[in-house]
Amino acid sequence: MDMNREIARLLQYGVQRGLLQEEDRVYAANRLLALLHLTEYEPVSAPEETLENPAAILEPMLDWACENGLVENNSPVYRDLFDTEIMTCLMPRPSEVVGKFRSLYQQAPEKATDYYYDLSRSSNYIRVDRVSRDEKWTGETPYGEIVITINLSKPEKDPKAIAAARLQKSSSYPKCALCRENEGFAGSVSQAARGNHRLIPITLLGEDWFLQYSPYVYYNEHCILLNSKHTPMKVSRESMAHLLDFVRQFPHYFVGSNADLPIVGGSILSHDHFQGGRFTFPMETAPVVHPLSFAGYEEIDAGIVRWPLSVIRLSGENPDRLCDLAEKILTVWRGYSDPAADILAFTDETPHNTITPIARMRNGRYELDLVLRNNRTTSEHPLGLFHPHAQYHHIKKENIGLIEVMGLAVLPARLKTELAEVEEALVCPDRAAAIFEKENMKPHYDWFCELKARRPEGFTQEQAHQLVRQDVAEIFAKILEDAGVYKNTPAGKEAFLRFAAAVNAGE
């Protein structure tokens with residue numbers, strides 16, 4: 001491989017994507033030479049090409065680095081650590097990024113986020129080549145269109161990296177993956193490299209927060225807001241006021257918070273954070289089907305949303321008044337029990353009730369969706385009563401967090417091959433026995449039999465593919481129904497209205 005040529009290609013890419021200015025070429029070349037332990041270099045012309053991401057340049061450079069002993073192990077974790085260092089040689093300083101973001105924000109918030117999102121993709125912090133491998137489709141359900149994704153962009157750790165992580169000396173820096181100290185961090189086998197990562201400081205109600213994008217972008221411009229302090233998540237009036245202040249500053253984005261209890265919460269409860277972005281989720285388009293009225297808040301439009309989970313939507317022009325009502329609903333819900341509806345607020349001293357709040361601007365008004373959650377477990381449902389039930393675990397048994405609450409399924413990577421094998425069994429029934437003898441396929445067998453019975457005459461490849469995808473969407477809608485504290489039945493609606501009456505009574 002001609003390393004002079006690959007360096008030229010990378011420098012050209014950096015200039016084209018706005019990571020470098022022409023005046024930065026020599027400096028960036030020298031930083032690359034130092035990283036690659038090269039003492040000889042002859043600048044050459046790069047071939048004419050326009051690349052969306054640097055993967056095609058980085059892969060041969062990584063192969064060379066592995067062959068020459070610069071990468072400890074030729075495996076995904078170690079390659080990611082090293083290619084991040086390569087891209088770090090092209091990155092502008094944090095102050096430059098922040099300065100440009102703020103300058104563009106004065107023109108329009110959209111211009112600022114467009115710049116920052118493009119930077120996060122161009123720098124390979126968002127690995128565009130991997131994200132493009134994710135599978136995504138939509139399916140019709142009784143609640144409208146649901147979005148299904150199979151996440152393939154998050155690399156699985158290889159055995160050597162796992163073993164190395166066990167032997168690695170523990171460190172409390174950074175305290176977690178969401179701390180602002182990750183910006184520029186070199187990474188390790190147990191912590192992602194973030195040399196090509198840049199954060200944008202923002203202020204929410206006078207407090208210091210940071211804006212970044214998720215490296216896995218489950219949807220368009222999937223961003224994360226991080227509290228500057230390493231403090232646990234807490235759904236409260238203050239947190240909902242923060243959400244509304246963010247959409248005031250960035251009205252083209254929605255933002256929401258995961259619930260603050262295990263089972264119904266996010267994967268990181270130790271660091272206060274929100275998730276947002278520029279994407280219309282199915283829940284946003286779901287209509288209000290039963291208006292509600294809360295005494296003393298007549299200027300606020302409120303109602304129950306037609307959705308598998310239990311959602312109260314509030315809309316108004318005054319964010320403080322919206323927060324007042326939202327706090328009242330949250331406070332009542334925290335202590336609310338209705339045994340007839342299987343809702344218990346506490347088991348001894350352990351709390352069960354919380355809320356997943358989501359904020360957006362709609363037609364110049366603030367809108368706040370409050371999703372009622374309960375994390376109680378039972379002997380019949382040990383993972384959670386309002387959690388995916390066992391009959392659907394072959395598709396998903398993980399927690400239903402903020403993103404899925406809104407109608408976008410993030411399904412495990414295993415399903416890419418498993419769904420393909422279900423399709424193969426439908427098209428070629430003579431192979432079914434061998435397919436479902438496999439341990440990973442056994443949980444799908446009953447589902448396969450149900451699908452097969454729908455078309456006794458057999459399936460073409462396309463028919464099987466479409467049926468499996470549509471059925472996954474319908475199953476996900478049923479999973480969301482499992483997570484709903486009030487079911488979409490006459491009894492469920494009656495129970496929901498009992499809670500609304502309790503809010504009005506201030507109980």
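Right above here is the structure, for reference.
As the structure is a computational prediction, the values presented were derived from the model and not from experiment.

### Details of the pairing of strand β9 (residues 301–305)
- A large share of β9 lies buried, amounting to 4 of its 5 residues.
- Bridge count for strand β8 (residues 288–292) against β9 is 4 bridges, and the pairing is antiparallel. Residue pairing for β9: L292 is matched across the bridge by A302.
- Counting the residues in the hairpin turn of β9 and strand β10 (residues 311–316) gives 5 residues.

### As for the packing of aromatic side chains
- By the definition in use, this model includes 23 aromatic pairs.
- Residues F101 and Y116 carry aromatic rings whose centres are separated by 6.0 Å and whose planes lie at 85 degrees to one another, so their mutual orientation is edge-to-face. Taken as a pair, F101 in helix α5 (residues 94–107) and Y116 in helix α6 (residues 109–122) lie far apart in primary sequence, 15 residues in all.
- F101 gets classed as buried once you look at its relative accessible area, which sits at 4%.
- For the pair F436 and F448, a centre-to-centre distance of 4.8 Å together with 35 degrees between the ring planes defines the contact as tilted. Within this pair, whereas F436 is found in the loop between α14 (432–435) and α15 (445–453), its partner F448 is found in helix α15, the two being separated by 12 residues in sequence.
- According to the relative accessible area criterion, F448 is buried, its value standing at 3%.
- Through successive ring pairs, a cluster of aromatic residues spans F101, Y105, Y116, Y117, Y213, F246, F250 and Y253.

### Looking at unusual backbone geometry
- Looking along the chain, the bond that leaves Y173 and enters P174 is cis, with omega of -20 degrees.
- Here P174 lies in the loop between α8 (159–167) and β3 (200–204).
- Within the chain, H37 stands out as a residue other than glycine whose phi angle is a positive 60 degrees.
- Here H37 lies in the loop between α2 (25–35) and α3 (55–67).
- We note that V217 has phi near 25 degrees; this positive angle belongs to a residue other than glycine.
- Relative to the elements of secondary structure, V217 occurs in the loop between β4 (207–213) and β5 (223–227).
- Looking at V217, the relative accessible area reads 7%, which means it is buried.

### Let's talk about the nonpolar core
- Counting residues in each nonpolar core, the largest one holds 101 residues, and the members touching the most others are L314, I329, Y486 and F499.
- Residue contributions to this core peak at 8 residues, all from helix α11 (residues 319–334).
- Those residues in contact with L314 that sit more than four places away from it in its chain are I300, D301, A302, L322, L325, A326, I329, Y366, E367, L368 and L370.
- Grouped together as the second largest cluster of nonpolar side chains are 53 residues, I150, F281, I435 and A477 included.

### Regarding empty space enclosed by the protein
- Taken as a whole and assessed by the stated rule, the structure comprises 1 cavity of 30 Å³ or more.
- Taken as a whole, the largest cavity holds about 40 Å³ of empty space.
- Residue lining of the largest cavity: R9, Q12, Y13, Q16, E49, T50, L51 and I57, and that is the complete set.
- Ranked by residues supplied to the lining of the largest cavity, first place goes to helix α1 (residues 3–16) with 4 residues.
- Considering only residue class, the lining of the largest cavity consists of 3 nonpolar, 3 polar and 2 charged.

Definitions and limits used
Residues numbered from 1 in each chain as written. Predicted model: local features only at pLDDT ≥ 70, side-chain atom pairs only at ≥ 80, totals over all residues. Heavy atoms only, no water. Buried < 20%, exposed > 50% of the residue type's maximum accessible area, 1.4 Å probe, protein only. Helix = DSSP H or I, 4+ residues; strand = E, 2+ residues; numbered from the N terminus. Pairing = 2+ DSSP bridges. Phe/Tyr/Trp six-rings, centres within 6.5 Å; stacked < 30°, edge-to-face > 60°. Core = buried A, V, L, I, M, F, W, Y, C linked by side-chain atoms within 4.5 Å. Contact = heavy atoms within 4.5 Å. 1 Å grid on protein atoms, 1.4 Å probe; cavity = no way out; pocket = protein on both sides within 12 Å on 5 of 7 lines; lining within 4 Å. Points joined across faces, edges and corners; volume = space filled by probe spheres on them. Nonpolar A, V, L, I, M, F, W, Y, C, P; charged D, E, K, R; others polar.

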